[in-house]
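The lines below spell out each chain.
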Amino acid sequence: MGCSSSCKIFETFSTAVEWVARHKLSIPFILHLLDDFLIVAPTESLCHSQLNIFLDMCYLRIPKAPEKLIGPSQIPSFAGVELDSCLMEARLPLDKVEKCIGILSDFLKRKRVTLKEVQSLTGLLNFACSVIVPGRAFLRHVIDLTIGVRSPKFSIRLTRSVREDLKVWLSFLSQYNGKSLFLPDVWNNSDKLSLYIRMLPALQVLVQFSVTIGVMEVGRINGLEKILQFWDFILLF
């Protein structure tokens, strides 16, 4: 058991280390998540160079975990999410996708589950939301099941709304495969998207749109910015 302020202290220290690396060691594309650091560069040689500079700084009594050192790689795993700089996408590892599908399928076969099982599923799906951002809208009913329940072994009935949300999750994971493209630098407006809305007699809405997708050169710096922007979006969401 550590002090309640330990996480805050370590996060402050990690923020200071990132600031030094960015502004004093000329490593512009670096970010951290608690004690994990990610460095992005356009070439393998530059990755090696910046990594060595960062490790040299760590000799100033900054604790390291050599077994967690990965790369340089075009598909590194950071905080449990695979970042593919070739396809410019983030995705859940296959074992996590299969685990989610297995647990969801098991839940849909049952009428009641324990609080501990609901909390475990909630944590797993909440992690999946780091890539599948729209999934948060289909997690609210599952979280509501835990309100006012304290005993881990308490039996909770799965409501119809929860089952419908779990079916959406199961369908989404099976078809979408837990992938998410990096966010664009500029959000297009309605004129660019050719977005039109027409009201029909039955009060239905018909939406027609066309989108032009640009091709990105992976080796360019703006591609590296997209990787960091994607992860900053996930951290702030």
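Scoring rules and cut-offs
Once a new chain begins, its residue numbering starts again from 1 and follows that chain's sequence as written. Given that the model is predicted, a residue must reach a pLDDT of at least 70 before its local features are reported, and side-chain atom pairs must reach 80 or more before they are shown or counted; all residues, however, enter totals for whole chains, interfaces and linings. Just so you know, side-chain values use all the structure's heavy atoms and leave hydrogens and water out. By the criteria applied, helices consist of DSSP H or I runs no shorter than four residues and strands consist of E runs no shorter than two, each listed in order from the N terminus. Relative accessibility thresholds used throughout: buried, under 20% of the residue-type maximum; exposed, over 50%; partly exposed, between the two (1.4 Å probe, protein chains only). Shrake-Rupley sampling with a 1.4 Å probe provides the accessible areas, and residues are treated as covered by the protein chains on show and by no other component. Both cavities and pockets are sets of points on a 1 Å grid over the protein atoms alone; in a cavity a 1.4 Å probe fits but cannot get out, in a pocket the set is open with protein on both sides within 12 Å along at least five of seven lines, and lining residues sit with an atom within 4 Å of a point. Grid points are joined across faces, edges and corners, and a volume is the space filled by probe spheres set on the points. Residues were grouped as follows: Ala, Val, Leu, Ile, Met, Phe, Trp, Tyr, Cys and Pro as nonpolar; Asp, Glu, Lys and Arg as charged; and all remaining residues, including Gly, as polar. Here the rule is simple: two strands pair whenever DSSP picks up at least two bridges between them. Among the buried residues, those of types Ala, Val, Leu, Ile, Met, Phe, Trp, Tyr and Cys that are joined through side-chain atoms within 4.5 Å form a nonpolar core. For this analysis, residues touch if any pair of their heavy atoms sits within 4.5 Å. Side-chain rings of Phe, Tyr and Trp, where Trp is taken by its six-membered ring, are said to pair if the distance between their centres is within 6.5 Å; with planes under 30 degrees apart they count as stacked, over 60 as edge-to-face, and otherwise as tilted. Lysine NZ or arginine CZ positioned within 6 Å of the ring centre and within 35 degrees of the ring normal marks a charge as sitting over the ring. Only the stretch in contact is used when fitting a helix axis, every axis being a line fitted to C-alpha atoms; angles between N-to-C directions are given from 0 to 180 degrees. In a left-handed crossing the near helix is turned counterclockwise from the far helix by less than a right angle, and in a right-handed crossing that turn is clockwise. Multiplying 1.5 Å by the helix residue count minus one yields the expected span of that helix. Salt bridges are identified by distance alone: a Lys or Arg side-chain nitrogen within 4 Å of an Asp or Glu carboxyl oxygen.

Engineer: Help me get a handle on the overall build of the protein chain, residues and values and all.
Structural biologist: A tally of regular secondary structure across the protein chain gives 8 helices and 10 strands. Relative to its full complement of 237 residues, the protein chain shows a buried share of 31%. Accessible surface, the protein chain as shown: approximately 15,600 Å² in total, 59% of it carbon and sulfur.

Engineer: Mind laying out the layout of surface pockets, listing which residues take part and the relevant values?
Structural biologist: One number sums up the size of the largest pocket: a volume of about 1,300 Å³. Contributing to the lining of the largest pocket are 43 residues, with Phe37, Leu38, Ile39, Leu69 and Ile70 lying nearest its centre. Sorting the residues of the lining of the largest pocket by element identifies helix H1 (6–23), strand E2 (36–39), helix H2 (44–58), strand E3 (77–78), strand E4 (81–84) and helix H8 (221–236) as the ones contributing at least two each. Considering only residue class, the lining of the largest pocket consists of 29 nonpolar, 8 polar and 6 charged.

Engineer: Lay out the pairing of strand E1 (residues 30–33) with the relevant residues and their values.
Structural biologist: Inspection of the sheet shows E1 paired to E2 by 4 bridges, in the antiparallel sense. When the bridges of E2 are listed, Ile30 appears paired with Ile39.

Engineer: Residues and numbers for the nonpolar core, please.
Structural biologist: With 34 residues, the main nonpolar core has Leu104 and Trp169 as its most contacted residues. Considering every element that reaches this core, the biggest residue donor is helix H4 (residues 115–128), with 6 residues. Residues contacting Trp169, with those up to four places away along its chain left out, are Leu104, Leu125, Ala128, Cys129, Ile132, Gly135, Phe138 and Leu139. Core analysis: the second largest hydrophobic core is formed by 9 residues, Val17, Phe54, Cys58 and Ile62 among them.

Engineer: So what's going on with the environment of Lys153? Which residues, and what values?
Structural biologist: In this fold, Lys153 is placed in the loop between helix H5 (140–144) and strand E7 (155–157). Lys153 gets classed as exposed once you look at its relative accessible area, which sits at 74%. Expressed as a C-alpha distance, the spacing of Lys153 and Lys116, which sit 37 residues apart in the sequence, is 6.6 Å.

Engineer: Go over the packing of aromatic side chains, please, and point to the residues and values.
Structural biologist: In total, this model carries 2 aromatic pairs according to the counting rule given. Considering the side-chain rings of Phe37 and Phe54, the 5.2 Å spacing of their centres and the 50° angle between planes classify their relative orientation as tilted. Within this pair, whereas Phe37 is found in strand E2, its partner Phe54 is found in helix H2, the two being separated by 17 residues in sequence. Its end group placed over the ring of Tyr59, Lys64 keeps NZ or CZ at 4.6 Å from the ring centre.

Engineer: Could you give an account of the packing of helix H3 (residues 94–108) against H4, with specific residues and numbers?
Structural biologist: Running from amino to carboxyl end, H3 crosses H4 at an angle of 140°, the nearest separation of the two axes being 11 Å. Between H3 and H4 lies a crossing whose hand is left-handed. Within the contact between the two elements, H3 uses Lys96, Lys99, Cys100, Ile103, Leu104 and Phe107 and H4 uses Glu117, Val118, Leu121, Leu124, Leu125 and Phe127.

Engineer: Can you tell me about the environment of Leu170, naming the residues and giving the values?
Structural biologist: Inspection of the secondary structure puts Leu170 in helix H6 (residues 160–176). For the pair Leu170 and Cys100, spaced 70 residues apart in the sequence, the C-alpha separation amounts to 8.1 Å.

Engineer: Residue-level account of unusual backbone geometry, with values.
Structural biologist: Despite not being glycine, Leu34 has its phi angle at roughly 55°, a positive value. Secondary-structure assignment places Leu34 in the loop between E1 and E2. Positive phi outside glycine occurs at Met88, with the angle close to 55°. Mapping Met88 onto the fold places it in the loop between E4 and strand E5 (89–91). By relative accessible area, which is 7% here, Met88 ends up buried.

Engineer: Could you give an account of H4, with specific residues and numbers?
Structural biologist: Here H4 is 14 residues long and its end C-alpha atoms lie 20 Å apart, about the 20 Å a rise of 1.5 Å per residue gives. Every buried residue of H4 is listed here: Leu115, Val118, Leu121, Thr122, Leu124, Leu125 and Ala128.

Engineer: How would you sum up the pattern of salt bridges? Please name residues and give values.
Structural biologist: Within this structure, the stated rule accounts for 9 salt bridges. Between Asp84 and Arg91 there is a salt bridge, with its nearest N and O atoms 3.1 Å apart. Residue Asp84 is classed as buried on the basis of its relative accessible area, which comes to 3%. On the basis of relative accessibility, which here comes to 14%, the residue Arg91 falls in the buried class. Between Asp106 and Arg110 there is a salt bridge, and its shortest N-O distance comes to 3.2 Å. The exposure class assigned to Asp106 is partly exposed, which follows from its relative accessible area of 35%. One connected set of salt bridges, linked through shared partners, spans Glu82, Asp84, Glu89 and Arg91.

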